[in-house]
Amino acid sequence: MAVTAVSGLEARRPVPRLRKLEDERWLALALLMPTAILLGLFIAYPFFEGVLLSLTSQRVGIPGEFVGLQNFVKVWNDSIFRTTVWNTFWYTGVTTVFKLALGLWLAMLLNRHFRGKALIRAFILLPFIIPTVLSTFAWKWMFDPTFSVINWTLFQLGFISQRINWLGDPDLAMTSIIVVNIWRGVPFFAISLLAGLQTISPELNEAAAIDGARPWNRFWYVTWPLLLPVTMVVMLFSVIQTFADFQLVYVMTGGGPANATHLFATYAYQLGIGTGLLSEGAAISLAMFPFLFVIVVVQLIYIRRVETR
C-alpha cells in the first residue's frame, strides 16, 4: 500500500516544464508569445525590410546598391510628394472633424429612448460593415459624370443645368473622397461615443437639470468632460486609419486627376508597384512614419492628461 501511495503522489507531481507556468512571469510570456510572433512577422519584419529597401536603388528585377538617404532627398524635392503631404493632412483633418461632429450628434440621438432603437443602431453600422472596395465602387458610380444619380437629382431640383465631372476636377475629386470617407467613418464614431455615453450616470444630468442648467450647459459641463477620454481614443484610431488610407482613394480616383488626390499610400504604391521604383516607393511610405508618429505621440500625451484630471 505504501508503494502504491508513493507512486500515486509521483504521478500527481506536475511536469517540470508545466511547473514554470505557475509563475506569473512565465505564464505571461507564454500567453504573449503567439501575438509577439505574429507582430514580428507581419509588422516588424516588413517595416525593417522597408527601411533597408529605402536605402538602396533597387527596382523590379534589379537588386540595386546602397545609396543612403538619396531616395529621401529625391522624394522631398518632388513636387507631387509635397502635394501628397498637403493632401494627406487636409484629408485627415477635415474628415476627422466632420466624423467627430456627426458621430457625436448621432450618438446623442441614439442614446435616447425610442421605438426601434436597436434596429436603427444596427442599420447605422452598415457603411462601416460593408467592404471598403464594394462601397467605394458604388460611390464611384454615383459620382460618374454620365450615370451619376447625384447629377440627376441636382438637375431635377434645378440646381445644375449641365453634368458635373465630380472625379475629373481636382477640387471636386478631393471633396468627393472626403465625403465618402466621412460617410464610412461616422458609424465608428457614433457607436464608440454611444458606448461612452452609456457609461455616464443619468443622475448627473438630472442633478444639473434640477439646478437649472440648460441642455447645452449640461452637455458642455457634465457630459463632454466625462466623454472626452473616449473621444480622444476614438480620434486616435481614426487619425491613424485615415492618414494611411489607401483603398478608398485608389478605387475612386487612383490619385488623380493629375495627382490631385494622392495620399502617402497611393503615391507610394504608384511609384513602387506601378513604375517599379521599389526603393522610392519605400521611401515615401517611410516618410509618412515621422508625421504619424508625432501626431500619435501628441494625442497620447493629451489623452493621459485628460484621464489624470
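The coordinates are above.
Predicted model, so just to flag it, every value in this text is computed and none were measured.

## Remarks on the packing of helix α5 (residues 79-110) against helix α10 (residues 170-197)
To characterise two packed helices, one gives the angle between the axes of the helices and the distance between these axes.
At step 1: Between α5 and α10, whose axes approach to 6 Å, the crossing angle comes to 40°. Viewed along their axes, α5 and α10 adopt a mutual orientation that is oblique. Seen along the crossing, α5 lies across α10 with a hand that is right-handed.
At step 2: Here the residues of the contact of α5 with α10 sort into 21 nonpolar, five polar and one charged.

## Here we look at the environment of Ile301
At step 1: Mapping Ile301 onto the fold places it in helix α15 (residues 278-307).
At step 2: We classify Ile301 as partly exposed; its relative accessible area is 45%.
At step 3: Between the C-alpha atom of Ile301 and that of Asn151, which follows or precedes it by 150 residues, the distance is 45 Å.

## Considerations on unusual backbone geometry
At step 1: Going from Gly256 to Pro257, the amide bond is cis rather than trans, its omega being 0°.
At step 2: As for its position among the elements, Pro257 is in the loop between α13 (247-252) and α14 (264-274).
At step 3: Despite not being glycine, Ala258 has its phi angle at roughly 55°, a positive value.
At step 4: Within the secondary structure, Ala258 sits in the loop between α13 and α14.
At step 5: By relative accessible area, which is 74% here, Ala258 ends up exposed.
At step 6: Of note in the backbone geometry, Asn259 takes a positive phi value of approximately 60° without being a glycine.
At step 7: Note on placement: Asn259 falls in the loop between α13 and α14.

Thresholds, definitions, all that
- Residues numbered from 1 in each chain as written.
- Predicted model: local features only at pLDDT ≥ 70, side-chain atom pairs only at ≥ 80, totals over all residues.
- Heavy atoms only, no water.
- Axes fitted to C-alpha atoms, helices over the stretch in contact; angles between N-to-C directions.
- Helix = DSSP H or I, 4+ residues; strand = E, 2+ residues; numbered from the N terminus.
- Parallel < 35°, antiparallel > 145°, perpendicular 65-115°, else oblique.
- Left-handed = near helix turned anticlockwise from the far one by under 90°.
- Nonpolar A, V, L, I, M, F, W, Y, C, P; charged D, E, K, R; others polar.
- Buried < 20%, exposed > 50% of the residue type's maximum accessible area, 1.4 Å probe, protein only.

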